[in-house]
Every structure is written in structure tokens, then in C-alpha cells.
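Remarks on the overall topology
Now for the letters of each chain:
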Amino acid sequence: MKNLRNIFRMAMVAFAAIAVTACGEKDNVGNDGGNDTPNTPVVTPTALYSEWLGDWVLAGDNKVSNSIVISSGVENETIELTGLMSLPFSIEGEYSTERNDIIFYAQIVEKEYAFSGGQVGSIHLLGLDREGKFYGLENGEYGIAIAGVLDGGERAIVRYGVNVTDYPKFVAMMLVAKIGDKYYGLDNAAEGSTNIPAFNVMAMIEPATSKSPLSLSRCECEVLNLGNEITHLVR
């Protein structure tokens, strides 16, 4: 166990520079001031960007894993991660060509969704911290997590703001429902859900041994139920 802690500590040191360097203000991804023209050149994805794309397993350090698919968003600028919490929603990550990392911010994932009980709301990505508190867009588009490459070539996710004083100590990204001004867990998975890969230290992004159903066809999933109301929300 001591050796394992030392390995994690060394990995965190290797990754800390990425996490700290990336903690600047959120760029307006894709905003070119409205100057799009039919003559906009085609962007070719870089090799490093392309290496992120494909089927992966997000393995949390709480021994929970999700099969995920990372696909291209805006070439060399954003990616889409599908399969978090084994749900067919795509969350956007902001890619940096300089650092070869991906930052995930709190965001609206699905603007309109009809739940099984007939309620209509939206799907959001929130950050969950060590104290069980949730942070969303009300808190100013918090950076939640950063995916990057370790010295040995392994890919991993750590919390955003590793060495930033007074920044929330996030341990997971969580998809939730919002109806009106209230948030709910999905499919009865509320606070403390067990299907969420955690990054208490770090979560690994491992190559998948088989194609995810999400990459083979559009997932036809059952309509989701609302879980319990999330009460520990920081506003």
C-alpha cells in the first residue's frame, strides 16, 4: 500500500504542472467574432488530438468504471465524451494543443429532456467535491477536471485546480437533471451514487478491449427517471 501511495504521489507531481498551468480563465471556444466565411480553411486534426479519439474505459480510483467514447468536436479545440455514468449523453471538453490536455467545465449537456414521469427539464454536468457539495453553472462555469498524459504515456483525469488555494476539491463529474431551479439525480442515482468513476487522486483512461455500444450505433436507452433532489448545491 505504501508503494502504491508513492506511485500515485509521483504521478500527481508529474501531472500537477498540467493541472496548474491549465487553470486560467475559460476561453470562448469556437467564438471567432462572427467572421465565418465560406472560405474558412479546413482544419486538420493534429496527431496528438487524434490520439484521444476512440473507445476507452474511464476507471475511477473508487473501483467504478464506465465505457466511454471520445469523439471529435471542433477539430483541435474541443472533444465530446460520451458514456459517463453509462448514460448516452455527450459532454464537451476543451482541448489545448499546447498542453495536450482536456478540461471539463460545468455545463448544460442537454437543453431539453422529457423524463419518464412527464416532467421536462435539462441535463447538466456538475462537479462533486470531497464534502459532498455540487457546483454548476451558477458558480461561474467551474473547471471540474483535467484529462492529460502522464510521463509514462498513460492517460488520466485529475481534479481541476490541484494546487489552487481555496478551490473546490472535486472528486467526480456527475450528470444530473434540472427542473425549474431544482437539481435531481438520474435514474434514482442521487448524492453518493455508486456508478460514477471518482478521481480522489486520479482516474485512469484506459484503452478499451472492445467497441462500446455507443460507438457502434446511437444508443436507444430507456427514458430516465428522476432520482432524489440534490440539496447540497453551492449557489
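Right, let's walk through the structure included here. This one's a predicted model, so the numbers in the text were calculated from it and none came from an experiment.

Further remarks concern the pairing of strand 5 (residues 101-105). Of all 5 residues in strand 5, 5 are buried, a share of seventy percent or more. Going residue by residue along strand 5, you find Asp 101, Ile 103 and Tyr 105 tucked away on one face and Ile 102 and Phe 104 tucked away on the opposite face as well. Where strand 4 (residues 90-96) lies against strand 5, 4 bridges are found, and the strand directions are antiparallel. When the sheet's bridge partners are listed, Gly 93 is paired in strand 5 with Phe 104. A loop of 4 residues connects strand 4 with strand 5, the two strands running antiparallel in sequence, and Asn 100 in this loop sits at a positive phi of about 55 degrees. Note: strand 5 against strand 9 (residues 143-149), 4 bridges, orientation antiparallel.

With that settled, the discussion passes to the pairing of strand 7 (residues 120-129). Counting buried residues along strand 7, 9 of its 10 residues qualify, which places the element largely inside the surrounding structure. Relative to strand 7, strand 6 (residues 107-114) runs antiparallel, the two being bridged by 5 bridges. Bridge pairing in strand 7 places Glu 110 opposite Ile 123. Linking strand 6 to strand 7, which pair antiparallel, is a turn of 5 residues; within it Gly 118 sits at a positive phi near 95 degrees. Direction of pairing for strand 7 relative to strand 11 (residues 170-179): antiparallel, over a ladder of 8 bridges. Each residue of the ladder has a partner; that of His 124, found in strand 11, is Val 176. Pairing of strand 7 with strand 8 (residues 134-135), which is carried by 2 bridges, proceeds in the antiparallel orientation. By the bridge assignment for strand 8, Gly 127 is matched with Tyr 135. Linking two consecutive strands that pair antiparallel, namely strand 7 and strand 8, is a turn of 4 residues; a positive phi of about 80 degrees is found at Gly 132 within it.

Between side chains of opposite charge, a pair can form when the charged atoms approach closely. What the rule picks out here adds up to 4 salt bridges. Lys 211 is the salt-bridge partner of Asp 55, the closest N and O atoms lying 3.3 Å from each other. On the criterion of sequence distance, the pair formed by Asp 55 in strand 1 (residues 54-59) and Lys 211 in the loop between strand 13 (203-207) and helix 3 (213-216) is long-range, its members being 156 residues apart. Residue class for Lys 211 comes out exposed when judged on its relative accessible area of 54%. The salt bridge involving Arg 99 is made with Asp 101; its shortest N-O contact spans 2.7 Å. Take Arg 99: its relative accessible area is 28%, and that puts it in the partly exposed class.

Attention shifts here to the packing of aromatic side chains. In total, this model carries 10 aromatic pairs according to the counting rule given. Each ring, one from Phe 89 and one from Tyr 113, has its centre 5.7 Å from the other, and the planes form 75 degrees; the classification is edge-to-face. Of this pair, Phe 89 sits in the loop between strand 3 (78-82) and strand 4 while Tyr 113 sits in strand 6, placing them 24 residues apart in sequence. When sorted by exposure, Phe 89 lands in the same class as Tyr 113, which is buried. Taken together, Tyr 105, Tyr 135, Tyr 142, Tyr 160, Tyr 167 and Phe 170 form an aromatic cluster joined through their ring pairs. Against the face of Trp 52 rests Arg 155, its NZ or CZ located 4.5 Å from the ring centre.

Notably, Ser 86 is not glycine yet its phi reads approximately 60 degrees, a positive angle. With respect to the helices and strands, the residue Ser 86 is situated in the loop between strand 3 and strand 4. On the accessibility criterion, Ser 86 (55% relative accessible area) is exposed. A positive phi angle, close to 65 degrees, is found at Asp 166, a residue other than glycine.

Cut-offs applied
Residues numbered from 1 in each chain as written. Predicted model: local features only at pLDDT ≥ 70, side-chain atom pairs only at ≥ 80, totals over all residues. Heavy atoms only, no water. Buried < 20%, exposed > 50% of the residue type's maximum accessible area, 1.4 Å probe, protein only. Helix = DSSP H or I, 4+ residues; strand = E, 2+ residues; numbered from the N terminus. Pairing = 2+ DSSP bridges. Salt bridge = Lys/Arg side-chain N within 4 Å of Asp/Glu carboxyl O. Phe/Tyr/Trp six-rings, centres within 6.5 Å; stacked < 30°, edge-to-face > 60°. Lys NZ or Arg CZ within 6 Å of the ring centre and 35° of its normal.

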